[in-house]
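Coordinates in review
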Amino acid sequence: MKKNLIPVLSGKLKTGDRVKVIAGKDNGKKGKILQVFADRNRASVEGINLAIKYLKPRKQGEKGQKIEFPAPINMSNLMLLCPRCNKAVRIRSKFLDTAGKKAKKVRICGKCKELID
Ligand SMILES: [Zn+2]
């Protein structure tokens, strides 16, 4: 296989990843990551952990608005849905040795070991 890979590190979730929720009220649901809040170790996921926000009317006589939005969820409650094997997996990452150039960090699936990106 890919013999030029160096030791395995743990990988991170990114915006656009398809994930599965593994704890809490949305346990088992799937969705796409809309935004990652790395400093808080949280991410908002399409259709997951929905909360309601009320917007006050801006003008008198106008109605206030009710907006449903996905509140950020702790990333430890999320697992990546591997685009290769389609299972909920742990992400690993490795550095690809690119022949003298700066090593490139890539993410790989913890199950099927395929390159994710
Ligand atoms: Zn996989």
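Residues numbered from 1 in each chain as written. Predicted model: local features only at pLDDT ≥ 70, side-chain atom pairs only at ≥ 80, totals over all residues. Heavy atoms only, no water.

Spatial strand order, β1-β10-β11: three strands in an open sheet with antiparallel pairing. Looking at strand neighbours, the two that pair on one side only are β1 (9–10) and β11 (104–109), the edges of this open sheet. Direction of pairing for strand β10 (residues 91–96) relative to β11: antiparallel, over a ladder of six bridges. For K94, the partnering residue across the bridge sits in β11 and is V106. (Pairing = 2+ DSSP bridges. Helix = DSSP H or I, 4+ residues; strand = E, 2+ residues; numbered from the N terminus.)

Below, the discussion takes up the nonpolar core. If you look at the biggest cluster of nonpolar residues, it comprises 16 residues, and the most contacted ones within it are L13, V19, I33, V45, I73, L78 and L80. Secondary structure elements with two or more residues in this core: β2 (18–21), β4 (42–45) and β8 (78–81). For L13, the contacting residues outside a window of four places in its chain are V19, I33, V36, M75, L78, L80, I91 and R107. (Core = buried A, V, L, I, M, F, W, Y, C linked by side-chain atoms within 4.5 Å. Buried < 20%, exposed > 50% of the residue type's maximum accessible area, 1.4 Å probe, protein only. Contact = heavy atoms within 4.5 Å.)

Time to look at the layout of surface pockets. Of the pockets and cavities examined, the largest pocket occupies roughly 360 Å³. Around the largest pocket, the lining is made up of 16 residues, and of these G11, L13, M75, S76 and L78 lie nearest the centre. Looking at the lining of the largest pocket, the elements that each hand over two or more residues are β8 and β10. (1 Å grid on protein atoms, 1.4 Å probe; cavity = no way out; pocket = protein on both sides within 12 Å on 5 of 7 lines; lining within 4 Å. Points joined across faces, edges and corners; volume = space filled by probe spheres on them.)

To continue, consider the confidence of the model for the chain. Model confidence for the chain is summarised by a mean pLDDT of 90, while 93% of its residues fall at 70 or above. The lowest-confidence element of the chain is β1, averaging 76 in pLDDT; the highest-confidence one is β2, averaging 98. (pLDDT = per-residue confidence, 0-100.)

Around a metal, the perfect tetrahedron of four donors has angles of 109.5 degrees, and the perfect octahedron of six donors has angles of 90 or 180 degrees. Within the first shell, the zinc ion binds the protein through C82 (SG), C85 (SG), C109 (SG) and C112 (SG), at distances of 2.2 to 2.3 Å. Around the zinc ion, the four donor atoms are arranged such that angles at the metal cover 101 to 117 degrees; this shape is classified as tetrahedral. Read in sequence order, the donor residues for the zinc ion give the motif C-x2-C-x23-C-x2-C. (Donors = N, O, S within 2.8 Å, 3.2 Å for Na, K, Ca; no water. Tetrahedral: all angles 85-135°; square planar, octahedral: opposite > 155°, others 65-115°.)

Pairing within the open sheet is antiparallel, and its six strands lie in the order β7-β4-β3-β2-β8-β9. Two strands lie at the open edges of the sheet, namely β7 (73–74) and β9 (88–89), each paired on one side alone. One ladder, built from three bridges, connects β2 with β8; its direction is antiparallel. If you follow K20 over to β8, its bridge partner there is M79.

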